[in-house]
Amino acid sequence: MGSNSLTLAPAPRSAAAEEVRAEVREFLAAELAAGSFTTHVDTWLSGVDPAFSRKLGERGWLGMTWPKQYGGHERTAMERYAVTEELLAAGAPVAAHWIADRQSGPNLLRYGTEAQRAEILPRIAAGECYFVIGMSEPDSGSDLASIRTRATRNGDGDWVVNGAKVWTSNAHTSHYAITLVRTSPADPASRHAGLSQLLVDLSLPGITVNPIRILDGGHHFNEVVFEDVVIPGDMLLGEEGAGWHQVTAELAFERSGPERFLSTYPLIAEFARRAAEGQDPAQLATLGRLSARLLALRQLSLRIAGALDRGELPDIPAALVKDVGTTFEADVIDEVRRVVDVPASLDSPDPLGRALAEAQLHAPGYTLRGGTNEILRGIVARGLGLR
Amino acid sequence: MGSNSLTLAPAPRSAAAEEVRAEVREFLAAELAAGSFTTHVDTWLSGVDPAFSRKLGERGWLGMTWPKQYGGHERTAMERYAVTEELLAAGAPVAAHWIADRQSGPNLLRYGTEAQRAEILPRIAAGECYFVIGMSEPDSGSDLASIRTRATRNGDGDWVVNGAKVWTSNAHTSHYAITLVRTSPADPASRHAGLSQLLVDLSLPGITVNPIRILDGGHHFNEVVFEDVVIPGDMLLGEEGAGWHQVTAELAFERSGPERFLSTYPLIAEFARRAAEGQDPAQLATLGRLSARLLALRQLSLRIAGALDRGELPDIPAALVKDVGTTFEADVIDEVRRVVDVPASLDSPDPLGRALAEAQLHAPGYTLRGGTNEILRGIVARGLGLR
Amino acid sequence: MTSSDVDLVVETVRDILTKFEPFVLTAERPWDAGLWSALAAAGLTGVGLPEEAGGSGGELADAVAIVGALAAGAAAVPVAEQLLVAAPAVLAAGLDLPAPEEPLSVAVDGAVTAEPRDDGDGPGSWTLTGTATDVAWAGVAQHLAVLATSAVGPVLALVDVAGRETTHAANLAGEPRGSFVLQGVTAAGALLTDAQAEQLRARYALARAVQLSAALQQVLAWTVHHAGERHQFGRPLGKFQAIQMELAEMAGEVTAVAALVDAAVQAVERGESLVLAAAAAKVRAGAAVEVVARLAHQVHGAIGFTQEHRLHHLTRRCWSWRDEAGTETAWARVLGAGLLADGPDGLWPALTRVV
Amino acid sequence: MTSSDVDLVVETVRDILTKFEPFVLTAERPWDAGLWSALAAAGLTGVGLPEEAGGSGGELADAVAIVGALAAGAAAVPVAEQLLVAAPAVLAAGLDLPAPEEPLSVAVDGAVTAEPRDDGDGPGSWTLTGTATDVAWAGVAQHLAVLATSAVGPVLALVDVAGRETTHAANLAGEPRGSFVLQGVTAAGALLTDAQAEQLRARYALARAVQLSAALQQVLAWTVHHAGERHQFGRPLGKFQAIQMELAEMAGEVTAVAALVDAAVQAVERGESLVLAAAAAKVRAGAAVEVVARLAHQVHGAIGFTQEHRLHHLTRRCWSWRDEAGTETAWARVLGAGLLADGPDGLWPALTRVV
């Protein structure tokens, strides 16, 4: 029956993963002790720190699963999972390299030319080259087939791009955008045809990066405007016209990681300190409930890491993990509020009040980025055989 | 804007309502003390007790708002609200007369012939004549336009009815069914045309009442099968072909009353006793949260009673009350379970365990009867101007 | 005033609101001073307060309507604190009301002790010591009604805080929320009963509930509007059944909050005991924020998350207001315990008395 | 056994299941005796227990698979109690295992005290006094593993309860749950450590979680099937976006439960500490019941609410099982406290150790 496509085999245990986990934990404890970062919620979006990213690169914790010839380390997805999870749980500043390491690098490995890979992947793995996702547009929302950014070939075989992309995380600190563009006119009969991905150097003339500030005033997102930007012809990523297919595959990587349920983990950790102090039964029970949900999400996400190690592309389970995970991220706030009397405020003298405030101000983002929950549930429903 | 249609004026205060409330409360205390009933959840469905219904009739608490010429008492909807609310909060056995008093009587008043009214309404008001709703059919669900029970005129001008109705509450203890039938063939262009309501005496030949037992084994519902049942021609209710319109009006009465949020009140009362004993802060907070929701629902329902007194037919707010109210009824179970350690069991030595069990076993019904919540939210969305 | 007067008052407020840009708060511009002046000039900062005390007259319902209209407009002015909380408390305590054009706020948190400088009976002079925390509009308000404790009971003192040093903190919406360190400050004050002190806290909670109710209604209206305008996959969002379900859920929450808050205000108008009604209103309104803000942002999509969009000016206020003047959890405990005051079987009679 | 053996075992169980009508329980017919006999004849009531102790051999995974298949079939037989809880505990305590065809259940609730009849060290003879409550399959089980307390620590005693008087109570699904009054009953028993007693309770909770996981998967499958078959307003329910959202939410819950329960079972297979893994599995599975049972009934509509429909045979079991062997709330407290055992900063390391 249809629901089989939602179910993956349990992840194998990985001694190597536990080994690297311990190394990361030791590294993070030392960094925290040295004051090189402070813990915040949602740092995979908001914690841009190139120096920190380079440190991770030096230790071999970026591009972990990639071939060594491209600067990678040929380790398993399970090992990579342990590293990312530890970084997120600590609220470490990982936003600079996050997209490049998670999504753009694997995308290049899969669809890039040899030249593209050789040029870019080692720099990503070194923590020096950062990417943004050029998918959403001002009027497209979740409906990627409706995008309008257009690329046409000029006489030299180069692409001339016009249009605009929004919600590009940290474009102002990044080097490349893998950009979904329309390379042939929209065809009502085949809504997903005629799209392609281009590998765009953000320093090219004609590109303007405008900040999009979010509700708390933070600058994590940008609008990237393309005005007659000339992209070399060899910067096509993958096949012309296969953009929709490539993006769908990319979203499977994007949707399944531990960042889909750990964005508010630092709030849970702060709440746990409160529960440990007071030993209040209602707080302990809430901690237990939240932990049980988190543990289940970990297992789901680990299963996907295991599937990636087996060479599968689990797009439907990934949508499910993101739906369940991001709902959890927001629920954490509500659950904690029920059993503590601490007003949320960035200026609170109480660290729990500050963590609540940070988590709340970022909350609208959890369930929107990477596809709204309505979209994700539609994908899950497809997995159930309903559409 | 559209949402205005969701908003009703605040209900006026009614000294008369408070007066009759005190009388009912005194009556119920005496009845409980005398052991004439014991408190249960969901008694407006499951508590059939004709003797109790007649007592209410004797006291003038049935047909309260109807004209005196039909056995009514010409009191306000606000007064009736107070009476019904007190009965439900006490978990009193009111199921025998509930439909007749709430819905069928008003329906007869609005659409019935003089003969129908004079014959039946006084008996309802006396607590002696009970009704069922003949709307749902085995294959119709919430889609009433798809019903198949058919009535055709014979040579004498009488109706010959064939078909079956389900979910008729307590048909085995009732006297009449106001039955929605197809009186002219289905017209795909006008799905709601061709339906009529008949006033059907359940003792007529050709009618079979089969029990539908629900999951806990309780017999509250029936299937009513019509085989060439001859209904006198003057038993048409209202206009031929206007059945859909009449049913829609009827549902407004059905959806707005306090039984849409008080079905599980006896569980709250039992939980309150626990919280009062232990004075546990988490239990007190849960009691406070549940009470705040209940108080808001009361105000919504009171507003509708006030609107009925002004002669309005608030069908969209009624759908909203039922949606919010029945969701609350089910949530009560989950909220209580979070802060008590009492397993739900009908055999529990703990009255809270028994109340939890009763409430849980009836839970699937709360959000289904009278239109599923998906249907209700569709109506609310229409009130918001969305469809 | 009659109900048509209420409509007139609201219309006046809205007319004034349109002339100001209430949405951008920064550390340098922590409130809408221009709006305040316009409201004060129109006499709207004294509505519901008797003319003989320097107010503009009118009823509580008028003041509530003004507060609601300003809350829905995300107006950064201390009108709720002044009209619904501080001024009525000052008057009830027999103290002199400051001029309504001088912003008056209220302090109920922190620890401030009062010592009588005279006989301590009735309005008199008191010496205040301690720190008032989480004071709304600190740095903006010129006067502060401080709830202090004394050896003989709670004291309400009226402190001139114009120019007094405060911490520059803010709530999630950027509205100033500071502390004042009071060291031997002399102020007019009056002894309250414990019940009066409790009523003051309850009125503060009810004021926030009134603001929340109005803001949530506005958030719903904006979201419905957005769903009608925004197209996805070739049709308006509002035509998708999943979105309709979410909007209907929001409408249920918003309508329930409005019904209860209105009823609580009416209970106050009737002079009934306020505490449980206010507690219920605050709890219910705060609980609705969880659902309404979440779904509003969900339906708006990423655009509603940007600083340019109006949505967050209200959602951030809602997230703050539900915590202020007592969290839902704190008021839920008060409500739960209060409803059981007559014993373990007293819940139902208590529920039918609250509003 | 290998994983293909597990599939084979499940297939055998399902084959047997189809020959019985597991769905109707009454006071007169409180269990599926015929099914039990067939399972016992096939050796399935001894799977996962060593052959030298009289079992059928095989691994824990096989026993878990059998329990899951029977739970999804709403089979009223004490297989979960016997295979996953009582028999392993009896063996671990060094007591003689009863014959696998004689139903063995477990009693962890109530208050039973044990006094040693001999030296009390190692397996020996004990005198039991007190009442064992909430005993699953009371009246059906012939043997009962009773967790009792003694002056020297917890004791596991094996009591012959065939024909012994019990209260005729049942859980919400009609499965017998009775009490036994024990007055000076002599039984074989063995002293446990506190940790062993805690493990026993945890295994019981995990057994219920295994049953819940399987039952919830089945409820989802039935609901998806129903949504595909049932037409409303001219098309299958499953084509309505609102229904799709509900089914996807159910799928999220069911899949999350399965992942965690499977992981907890694997942790047991690896011989890791069981208590927190079992607690998490029980809490997560119980929490899912709330959502899954509610939505399943919502999608099924009134028909799923009738006694004739299969749905309630599983939803009623789910509502019962989440309360049995410790409620979610009780296990959530155990889990929360246990995760903080290493101090206020120890949560994350603890979380990564649980499963």
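Residues numbered from 1 in each chain as written. Chains lettered and ligands numbered in written order. Predicted model: local features only at pLDDT ≥ 70, side-chain atom pairs only at ≥ 80, totals over all residues. Heavy atoms only, no water.

An unreviewed UniProt entry annotates chain C as Acyl-CoA dehydrogenase of Modestobacter caceresii. Regarding chain C, the relevant UniProt record gives this comment under Cofactor (unreviewed entry): "FAD". Listed under Sequence similarities (unreviewed entry) in UniProt, the entry text for chain C is "Belongs to the acyl-CoA dehydrogenase family." (UniProt positions renumbered as here; feature names shortened; annotations may be inferred.)

Where an unreviewed UniProt entry is consulted, chain A appears under the name Acyl-CoA dehydrogenase, with the organism given as Modestobacter caceresii. Here chain A is described in UniProt, under the heading Cofactor (unreviewed entry), as follows: "FAD". Under the UniProt heading Sequence similarities (unreviewed entry), the note attached to chain A is "Belongs to the acyl-CoA dehydrogenase family."

Enquirer: Explanation requested: the environment of R354 of chain B in the structure shown.
Expert: All names here are of chain B. Mapped onto the elements of the fold, R354 is located in helix α11 (residues 351-366). Non-local contacts of R354, meaning those with residues more than four positions away in its chain, are made with S345, L346, S348 and P349. Of note is the side chain of R354, whose polar atom sits 2.8 Å from the backbone oxygen of S348. (Helix = DSSP H or I, 4+ residues; strand = E, 2+ residues; numbered from the N terminus. Contact = heavy atoms within 4.5 Å. Polar contact = N/O pair within 3.5 Å; in protein donor to acceptor, adjacent residues only side chain to side chain.)

Enquirer: Would you explain the interface of chain A and chain D in this entry?
Expert: Quite often, the size of an interface is put as the accessible area lost when its parts meet. At the interface, 43 residues of chain A touch 44 residues of chain D. Summing the contributions of chain A and of chain D, the shared interface buries around 3700 Å²; its carbon and sulfur component is 70%. Inspection of the region where chain A meets chain D yields four salt bridges. Among the salt bridges present, the one from E272 of chain D reaches R13 of chain A, with a minimum N-O distance of 3.4 Å. For the pair chain A and chain D, the interface holds eight residue pairs in polar contact (both at pLDDT 80 or more). Ranked by residues supplied to the side of chain A that touches chain D, first place goes to helix α9 (residues 281-309) of chain A with 16 residues. For the side of chain A that touches chain D, a count of residues per class yields 26 nonpolar, four polar and 13 charged. (Buried area = accessible area lost by both parts, 1.4 Å probe. Salt bridge = Lys/Arg side-chain N within 4 Å of Asp/Glu carboxyl O. Nonpolar A, V, L, I, M, F, W, Y, C, P; charged D, E, K, R; others polar.)

Enquirer: Would you mind going over the domain arrangement of chain C with me for this structure?
Expert: All names here are of chain C. As far as domains go, chain C holds domain 1 (3-192) and domain 2 (196-354). Computed from C-alpha atoms alone, the centre-to-centre distance between domain 1 and domain 2 is 23 Å. Domain 1 puts 34 residues into the contact, and the matching count from domain 2 is 26 residues. Summed over both partners, the interface of domain 1 with domain 2 comes to about 2600 Å²; 65% of that surface belongs to carbon and sulfur atoms. The interface formed by domain 1 and domain 2 holds three salt bridges in total. Taking the shortest distance from any N to any O, the salt bridge between E81 and R208 comes out at 2.8 Å. Inspection of the region where domain 1 meets domain 2 yields eleven residue pairs in polar contact (both at pLDDT 80 or more). Only α3 (60-72), α4 (79-92), β5 (153-160) and β6 (177-191) provide two or more residues apiece to the side of domain 1 that touches domain 2. Examining the composition of the side of domain 1 that touches domain 2, we find that seven residues originate from one element, α3, more than from any other. Tallied by class, the residues present in the side of domain 1 that touches domain 2 amount to 27 nonpolar, three polar and four charged. (Domains from an automatic or database assignment.)

Enquirer: What's the story with the pattern of salt bridges in this structure? I'm lost.
Expert: Side chains that differ in sign of charge can pair as their charged atoms come close. Enumeration over the complete set of coordinates arrives at 79 salt bridges over all chains. The residue D32 of chain C makes a salt bridge to R29 of chain C at a minimum N-O spacing of 2.8 Å. With a shortest N-O distance of 3.1 Å, R317 of chain C and E175 of chain C are connected by a salt bridge. Of this pair, R317 of chain C sits in helix α8 (residues 311-321) while E175 of chain C is found in the loop between β5 and β6, placing the two residues 142 residues apart along the sequence. E175 of chain C carries the same exposure label as R317 of chain C, and that label is buried. Here the residues in one salt-bridge network are E18, R21, R25, E85, E86 and R298 of chain A, joined through shared partners. (Buried < 20%, exposed > 50% of the residue type's maximum accessible area, 1.4 Å probe, protein only.)

Enquirer: Explain the interface of chain D and chain C to me, please; I cannot follow it from the model alone.
Expert: Taken together, the four residues of chain D in the interface contact four residues of chain C. Our enumeration of links across chain D and chain C arrives at zero salt bridges. The interface formed by chain D and chain C holds three residue pairs in polar contact (both at pLDDT 80 or more) in total. A class-by-class count of the residues in the side of chain D that touches chain C yields three nonpolar, one polar and no charged.

Enquirer: Would you take a moment to explain the confidence of the model for chain A for this structure?
Expert: Low-pLDDT portions of the prediction should not be read for the details of their coordinates. Predicted confidence across chain A gives a mean pLDDT of 93, with 99% of residues reaching 70 or more. Mean pLDDT across the elements of chain A ranges from a minimum in helix α7 (residues 243-256) of chain A, with 82, to a maximum in helix α3 (residues 50-58) of chain A, with 98. (pLDDT = per-residue confidence, 0-100.)

Enquirer: Honestly, the confidence of the model for chain C in this entry has me stumped. Any pointers?
Expert: Of the residues in chain C, 97% reach a pLDDT of 70 or more, and the chain-wide mean stands at 94. Predicted complex, confidence summary: ipTM 0.96, pTM 0.96.

Enquirer: Would you take a moment to explain the domain arrangement of chain A for this structure?
Expert: Residue and element names in this part refer to chain A. Annotation of chain A at the domain level lists domain 1 (4-129), domain 2 (133-241) and domain 3 (247-383). Spacing between the C-alpha centres of domain 1 and domain 2 amounts to 25 Å. Each partner contributes to the interface: domain 1 provides 18 residues, whereas domain 2 provides 17 residues. Between domain 1 and domain 2, the buried area comes to about 1400 Å², and carbon and sulfur atoms account for 65% of it. At the junction of domain 1 with domain 2, the criterion picks out zero salt bridges.

Enquirer: When you look at the side chain of N171 of chain C in this model, what are you seeing that I'm missing?
Expert: Residues and elements named next belong to chain C. One can find N171 in the loop between β5 and β6. For N171, the side chain forms a polar contact with the side chain of E324, separated by 3.0 Å. Excluding residues that lie within four positions of it along the chain, N171 makes contacts with R177, S320 and E324.

Enquirer: Looking at this structure, I do not really get the packing of helix α4 (residues 79-92) of chain D against helix α5 (residues 194-229) of chain D. What am I missing?
Expert: To characterise two packed helices, one gives the angle between the axes of the helices and the distance between these axes. All names here are of chain D. Contact geometry for α4 and α5: axes closest at 9 Å, N-to-C directions at 165°. Relative to α5, α4 is oriented roughly antiparallel. Note on packing geometry: the crossing formed by α4 with α5 is right-handed. Where α4 approaches α5, its residues A80, E81, L84, V85, P88 and A89 are matched on the opposing element by L200, R203, Y204, A207, R208 and Q211. Here the residues of the contact of α4 with α5 sort into eight nonpolar, one polar and three charged. (Axes fitted to C-alpha atoms, helices over the stretch in contact; angles between N-to-C directions. Parallel < 35°, antiparallel > 145°, perpendicular 65-115°, else oblique. Left-handed = near helix turned anticlockwise from the far one by under 90°.)

Enquirer: Explanation requested: α9 of chain A in the structure shown.
Expert: Within an α-helix, residues lying three or four positions from one another point in the same direction, as the helix has 3.6 residues per turn. All names here are of chain A. In a regular helix each residue adds 1.5 Å, so 29 residues correspond to 42 Å; α9 covers 41 Å between its end C-alpha atoms and thus fits that length. Across the 29 residues that make up α9, a large majority, 24, are buried. A positive phi of about 85° marks G311, the residue just after α9. (Expected span 1.5 Å × (residues − 1).)

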